[in-house]
Amino acid sequence: MKKILNKPENYVNEMLDGMISAHPEYYNLFGDSGKVVTRAKADKNKKVGIVSGGGSGHLPVFTGYVGRGLLDACAIGDVFASPSAEQMADAIRAADQGAGVLRLYGNYGGDVMNFDMAGDLVEFEDITCTTVLLADDIASAPIEERENRRGVAGMVYAFKLSGAAAEEGRDLDGVTAIAQKAANSCRSIGAALSSCTVPQAGKPTFEIADDEMEMGMGIHGEPGVWRGKLKTADQIANEMLDRLLSDMPLQSGDRVSVMVNSLGATPPEELYILYRIVKQRLEEAGATIIMPLVGRYATSMEMSGVSFTLCKLDDELEKLLKAPCDCPFWKIA
Amino acid sequence: MKKILNKPENYVNEMLDGMISAHPEYYNLFGDSGKVVTRAKADKNKKVGIVSGGGSGHLPVFTGYVGRGLLDACAIGDVFASPSAEQMADAIRAADQGAGVLRLYGNYGGDVMNFDMAGDLVEFEDITCTTVLLADDIASAPIEERENRRGVAGMVYAFKLSGAAAEEGRDLDGVTAIAQKAANSCRSIGAALSSCTVPQAGKPTFEIADDEMEMGMGIHGEPGVWRGKLKTADQIANEMLDRLLSDMPLQSGDRVSVMVNSLGATPPEELYILYRIVKQRLEEAGATIIMPLVGRYATSMEMSGVSFTLCKLDDELEKLLKAPCDCPFWKIA
Amino acid sequence: MTINRATITTSITRLTEAMERDFDMLNTADGALGDGDLGITMLRGMRAINEDIQGLPDDLGLALFQCAKSFTKSSGSSYGTLLATGLMAVAKTLKGKTEIEAAQIGNLVSVALDQMQARGKAQLGGKTVLDSLDAVAKATYNKTDAKDIADAAATAVDTALKEFRNKKATIGRARIYAEKSIGLDDPGMLAMNRIIKALADRQGTNNNNKTE
Amino acid sequence: MTINRATITTSITRLTEAMERDFDMLNTADGALGDGDLGITMLRGMRAINEDIQGLPDDLGLALFQCAKSFTKSSGSSYGTLLATGLMAVAKTLKGKTEIEAAQIGNLVSVALDQMQARGKAQLGGKTVLDSLDAVAKATYNKTDAKDIADAAATAVDTALKEFRNKKATIGRARIYAEKSIGLDDPGMLAMNRIIKALADRQGTNNNNKTE
Ligand SMILES: Nc1ncnc2c1ncn2[C@@H]1O[C@H](COP(=O)(O)OP(=O)(O)O)[C@@H](O)[C@H]1O
Ligand SMILES: Nc1ncnc2c1ncn2[C@@H]1O[C@H](COP(=O)(O)OP(=O)(O)O)[C@@H](O)[C@H]1O
Ligand SMILES: [Mg+2]
Ligand SMILES: [Mg+2]
Ligand SMILES: [Mg+2]
Ligand SMILES: [Mg+2]
């Protein structure tokens, strides 16, 4: 897969530069690392701050979701590499309005260490932090070891739900509880058809034959549960749903939102073909689908493939999911 | 490039089925062809109808843009193939509220013949139609033969501007005049890095080496102006701007919107890297950028590459560009 | 010889058989210079016409209008739309008549050609179906005998094919192949060759780009 | 022998030289089981520390805190953050002191190890940098003589490398390579081997996975 870029080492800074100059009404840089993004107009109204962060190469995750009803600030690193603890500390400083800051991000070793360290750094500055980790990728560990799972697209639901809670004026514990409830309610699985290329690596992260796919692959190319011949859309959708529903069974009357997400290159045409089966299966399970999300919400640059995320909702979460939000990648009026 | 699909001959119908069931609050099917999409809630308020159409495989173009402040109905054919005249006639029938219908679409032989024929078909039913063709691809013919140029992403501006004019209550001539002004104000050029695969063909439309790109290629793989080694992002952006600005020179004080559009697989990261140069060059030319659009607005499934579109604005067009619109792919509040 | 509903149903049957037979050949010819669907377009169109053949009206105008409609419904391919356009133009002329003389054929071809040219906004000489029809119109002009007309038409489409083979395509998808199109038959001209041969009940050859 | 600001600046210089030398080797080792950036992390970190070496405080706690900060700023790599965590833990213990006895080293290694373990949430025995430090802590425990300590530490990191080489990686990015990691040194253990050798001023070998 070919890429349009200049010097690989400038990829992230040039990307952020372009992103911020295309959307100055939404984004701002903060601090001197050049990789911490905040809202352009931070209304300093003592609301709880929400920060996220992680490696670059997943737009709209992470920085894209800085905006009203979503995140307050983000620290990003090089492609697929954790930002430094100092950058994360800057993101926390930017997000703090005196009501404390929730750190909300995916369960990856480097990110966890750095966000913890960032918490130590800002503790001296009297900023109270809480943490919620997304660990929604069911292919990355069995249910008994849920806490070891990686965080993938479920993150987007957690941003949205806790972002809406913060905007409503809930306190740090309240916002953290919503984020944790969201994290607990999400299950995801991905399937990859082709690799992506980390600019500084210069070659695809992994090789995969032209007639093959890999079920359960992670968003950085982490090995999945099987690799084999490319199946049909309906087979792929059914297997992904089988796996999701056996990890988090649904009952008649359940409400659920579902994300059918492109890992990058896979076009919306294919997502909609998959969505037919998703809808059919969830309805067969007796569930009601609330605000399905079909599109590119959490990607791996030009990787080809899809992920499905189920997010079980109760009254509270449903209301928060439908609340307004506004960033260049997601608008709910 | 691999695809997630079932039987190729069902690609379009399954895609529409999924799209409409994911967004029932936006879209509806009309007629018995199964390939004509209308707004879910057509407010029968005697506004001018706007229809478009063409081959599938370009989401959000065409059907994606059915929505408030945009299109009223769309007829789509198989991937990269014109819908039939009867389908287009159905789209016109669906869009008609008694105030006439504008046919607004890209300048491709088959589409033109069929929309003309569709006009003949509905003439018997006393529906008045006008036509505006998009011919914005500067690589497809020299400026002296502007009317032979193909229509590409500039179409999206024409949908938006005339859609807003129709929503304002202008009459058929007024809406048509805006669409024509929009069409005249747009210039586009594309550059492709990889092909896409038409499902029923089963193999990539064209071959291109791993270190090559093609400047000026059309959205169905029509040959461009040169093929050669892949250049850097800044070189590509500069060449595309050179070509656009020599076709439509800008003067100090001009206002212009610009679209930096992915042909499908190219991720937003790369679009933002390109946008830096776009901004710099347009500002150097003395122009003011209004509402830049960076994203996937007109694609060729999983083709990798980009297109730039310039749309020169006057007071009237600027107001219409900023007017509200609402479809799953584009929302302005 | 007069032409009436029976002539038309017989022609439809012959045409459908010809298109079943030439399906692959036309797809291949269109594949070399376009999107490879010309066989599909013709076969789908003829099958759609055949489906309604029982209800075909005696009024020749209405009958041809019904045939044209089948083409506009079955696909959006340029060729189908052009044929439908031509059929509709002829249908308008014949409305109210249940039979006509063979001598009118040359004139009707011209009527179709004019409307098709208007629809496709293409010039004669551009190496398209229009050139085949133009050759037929010229060859059948002023001829009155049905057999003479059939012979002249069948010869004309062969001559046109040969004459245009080594020219460059200028219209439709084939245009972008420019140089590559030299030496290859225009798929639409090839299809019209088979259509005319079937209507004239003269043997069509199966070989694309071979000496005939 | 006592340890003071001068000991630290000398150590920084030796460490930086070692990392300049081992840059490629560490990237390669990390490339086999991870993302190939360990040399970059270490070199960037040491260069950042070096930049501020003139202003290094006499207070050993503050001096090490400054070194830790350089790591947290220069990258977000796990290894840098773990080292910074260890340095900070030691810095807290030493705050206010301008010199300490060599005899304290064993104890300080344990302090660093504990905090690093807490930070990384990993168990001992997982084939990580923690196992190297654990070996060093055990080997230097109760030793008082600087030379004895240096010898013991240098031997301990070699032994640890050898002992863990044929185990499976269980932590960090290397974990996903599972079987493939058997027979390969953990990059973080390898880096700690070079760090300790440089601090102890004992020759580090340049051969990854060769007999030593
Ligand atoms: N504008 C036109 N005017 C006249 N003939 C045309 C025109 N466009 C296409 N054709 C004819 O139609 C043939 C192609 O038909 P078809 O395969 O249906 O086109 P497509 O698949 O591109 O819609 C060409 O070989 C040519 O003879
Ligand atoms: N959670 C952890 N606990 C202890 N050591 C760890 C942990 N994670 C990584 N390491 C050590 O760090 C080394 C990798 O460091 P580094 O290359 O910086 O990681 P990355 O590039 O994945 O952030 C490993 O070889 C291992 O020794
Ligand atoms: Mg064709
Ligand atoms: Mg076609
Ligand atoms: Mg590493
Ligand atoms: Mg790393």
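Small disclaimer: the values here were computed from a predicted structure and weren't measured.

The rules behind each value
Residues numbered from 1 in each chain as written. Chains lettered and ligands numbered in written order. Predicted model: local features only at pLDDT ≥ 70, side-chain atom pairs only at ≥ 80, totals over all residues. Heavy atoms only, no water. Helix = DSSP H or I, 4+ residues; strand = E, 2+ residues; numbered from the N terminus. Rg over C-alpha atoms; globule rule 2.2 N^0.38 Å. Buried < 20%, exposed > 50% of the residue type's maximum accessible area, 1.4 Å probe, protein only. Contact = heavy atoms within 4.5 Å. Areas by Shrake-Rupley, 256 points an atom, 1.4 Å probe, with all protein chains shown as cover. Donors = N, O, S within 2.8 Å, 3.2 Å for Na, K, Ca; no water. Domains from an automatic or database assignment. Buried area = accessible area lost by both parts, 1.4 Å probe. Salt bridge = Lys/Arg side-chain N within 4 Å of Asp/Glu carboxyl O. Near = heavy atom within 4 Å. Polar contact = N/O pair within 3.5 Å; in protein donor to acceptor, adjacent residues only side chain to side chain. pLDDT = per-residue confidence, 0-100. Pairing = 2+ DSSP bridges. Axes fitted to C-alpha atoms, helices over the stretch in contact; angles between N-to-C directions. Least-squares fit on C-alpha atoms with pLDDT ≥ 70 in both.

### Observations regarding the overall build of chain C
No. 1: Broken down by element type, chain C carries eight helices and two strands.
No. 2: When its helices and strands are written in sequence order, chain C yields β-α-α-α-α-β-α-α-α-α.
No. 3: A compact globule built from 212 residues would reach a C-alpha radius of gyration of about 17 Å, and chain C, at 16 Å, matches this within 12%.
No. 4: Each principal axis of the C-alpha atoms in chain C carries an extent, and together these give about 45 × 35 × 30 Å.
No. 5: Of all 212 residues assigned to chain C, the portion counted as buried reaches 52%.
No. 6: Of the contacts made within chain C by residues no fewer than 6 positions apart, 68% connect residues no fewer than 24 positions apart.
No. 7: For chain C, the accessible area works out to roughly 9,400 Å², and carbon and sulfur atoms hold 52% of it.

### Some thoughts on the coordination of the magnesium ion (ligand 5)
Residues and elements named next belong to chain D.
No. 1: For the magnesium ion (ligand 5), the protein coordination sphere consists of Asp30 (OD), Asp35 (OD) and Asp37 (OD), at 2.1 to 2.2 Å.
No. 2: As a motif over one chain, the donors of the magnesium ion (ligand 5) read D-x4-D-x1-D.
No. 3: A distance of 3.5 Å spans the gap from the magnesium ion (ligand 5) to the magnesium ion (ligand 6), which Asp35 bridges by coordinating each metal.
No. 4: Residue Asp30 is classed as buried on the basis of its relative accessible area of 10%.

### Section: the domain arrangement of chain A
Residue and element names in this part refer to chain A.
No. 1: One can read the domain layout of chain A as domain 1 (8–185) and domain 2 (186–321).
No. 2: Each of domain 1 and domain 2 has a C-alpha centre, and these two points are 22 Å apart.
No. 3: Contacts between the two partners involve 39 residues from domain 1 and, on the opposite side, 42 residues from domain 2.
No. 4: Each partner contributes to the roughly 3,400 Å² buried at the junction of domain 1 and domain 2, and carbon and sulfur atoms together form 62% of this total.
No. 5: At the boundary of domain 1 with domain 2, the tally comes to five salt bridges.
No. 6: Two residues, Arg170 and Glu316, come together in a salt bridge whose shortest N-O distance is 2.6 Å.

### Let's talk about the site of ligand 1
No. 1: The local shell around ligand 1 holds 19 residues, among which Asp35, Ser78, Arg173, Asp186 and Gly188 of chain C are the closest.
No. 2: The local environment of ligand 1 is shared, drawing residues from chains B and C.
No. 3: The side chain of Asp30 of chain C places a nitrogen or oxygen atom 3.1 Å from an oxygen atom of ligand 1.
No. 4: For ligand 1, an oxygen atom lies 2.9 Å from a polar atom in the backbone of Tyr79 of chain C.
No. 5: Out of a free accessible area of 570 Å², ligand 1 has 93% covered by protein chains.
No. 6: With three residues, the top contributor of residues to the shell around ligand 1 is helix 4 (residues 78–94) of chain C.

### Topic: the confidence of the model for chain C
Residue and element names in this part refer to chain C.
No. 1: Confidence in the prediction for chain C averages 92 pLDDT; 96% of positions are at 70 or higher.
No. 2: The lowest-confidence element of chain C is strand 1 (residues 2–4), averaging 94 in pLDDT; the highest-confidence one is helix 6 (residues 129–140), averaging 98.
No. 3: Segment residues 205–212: pLDDT under 50, and 20 contacts once partners within four positions in sequence are set aside and those in other chains are kept.

### Overview of the coordination of the magnesium ion (ligand 6)
Residues and elements named next belong to chain D.
No. 1: Protein coordination at the magnesium ion (ligand 6) comes from Asp35 (OD) and Asp37 (OD), with a distance range of 2.0 to 2.2 Å.
No. 2: Given a relative accessible area of 35%, Asp35 falls into the partly exposed group.
No. 3: Judged by its relative accessible area of 16%, Asp37 falls in the buried class.

### Things to note about the site of ligand 2
All names here are of chain D.
No. 1: Close to ligand 2 lie 19 residues, the nearest being Asp35, Ser78, Arg173, Asp186 and Gly188.
No. 2: Ser78 is positioned such that a nitrogen or oxygen atom in its backbone is 2.8 Å from an oxygen atom of ligand 2.
No. 3: Between ligand 2 and the protein, one listed contact pairs an oxygen atom with a backbone N or O atom of Val129 at 3.1 Å.
No. 4: Compared with its free state, where it exposes 580 Å², ligand 2 has 93% of that area covered by protein.
No. 5: Breaking the shell around ligand 2 down by element, the ones donating at least two residues are helix 4 (78–94), helix 6 (129–140) and helix 8 (187–200).
No. 6: The element that contributes the greatest number of residues to the shell around ligand 2 is helix 4, accounting for three residues.

### Overview of the sheet that holds strand 2 (residues 36–39) of chain B
Residues and elements named next belong to chain B.
No. 1: As summarised here, the arrangement of the six strands in space is 1-2-4-3-5-6, forming an open sheet in which the pairing is mixed. Sheet topology places strand 1 (27–29) and strand 6 (129–134) at the edges, where each strand pairs with a single neighbour. When strand polarity is set aside, the average angle formed by the axes of neighbouring strands in this sheet is 25°.
No. 2: Both strand 3 (residues 49–56) and strand 4 (residues 73–79) contribute to a ladder of five bridges, which runs parallel. Each bridged residue has a counterpart across the sheet, and for Gly54 the counterpart in strand 4 is Ile76.
No. 3: Seen against the sheet, helix 1 (residues 11–22) touches strand 1, strand 2, strand 3 and strand 4 and runs at an angle of roughly 145° to strand 4.
No. 4: Strand contacts of helix 2 (residues 85–95): strand 2, strand 3, strand 4, strand 5 (101–106) and strand 6, with the helix running at about 160° to strand 4, the strand carrying the most contacts.

### Overview of the side chain of Asn6 of chain B
No. 1: In this structure, Asn6 of chain B sits in the segment before helix 1.
No. 2: What makes Asn6 of chain B buried here is its relative accessible area of 13%.
No. 3: Among the polar contacts listed, one links the side chain of Asn6 of chain B to the backbone nitrogen of Ala233 of chain A, at a separation of 3.3 Å.
No. 4: Sequence-distant contacts of Asn6 of chain B, defined by excluding residues within four places in its chain, comprise Thr232, Ala233, Asp234, Ile273 and Arg276 of chain A together with Glu14 of chain B.

### Things to note about the relation of the copies chain A and chain B
No. 1: When chain A is fitted to chain B, the best match, at an RMSD of 0.0 Å, comes from turning it 180° and sliding it 0.0 Å along the axis. The two molecules are tied by a two-fold rotation axis, judged by turn and shift. Closest to the rotation axis within chain A is the C-alpha of Ala265 of chain A, separated from it by 1.9 Å.
No. 2: A share of 100% of interface residues in chain A that are also interface residues in chain B marks the association as one of identical surfaces.

### Comments concerning the interface of chain D and chain A
No. 1: Contacts between the two partners involve 17 residues from chain D and, on the opposite side, 18 residues from chain A.
No. 2: Summing both sides of the interface, chain D and chain A together bury roughly 1,400 Å²; the carbon and sulfur share of this comes to 57%.
No. 3: Contact with chain A buries area across many residues of chain D, yet Thr72, Gly76 and Arg119 of chain D alone supply 35% of it, more than any other trio.
No. 4: Inspection of the region where chain D meets chain A yields three salt bridges.
No. 5: Of the charged contacts, one joins Asp116 of chain A and Lys121 of chain D as a salt bridge, the two residues approaching to 3.0 Å between their closest N and O atoms.
No. 6: Viewed at the interface, chain A and chain D are joined by eight residue pairs in polar contact (both at pLDDT 80 or more).

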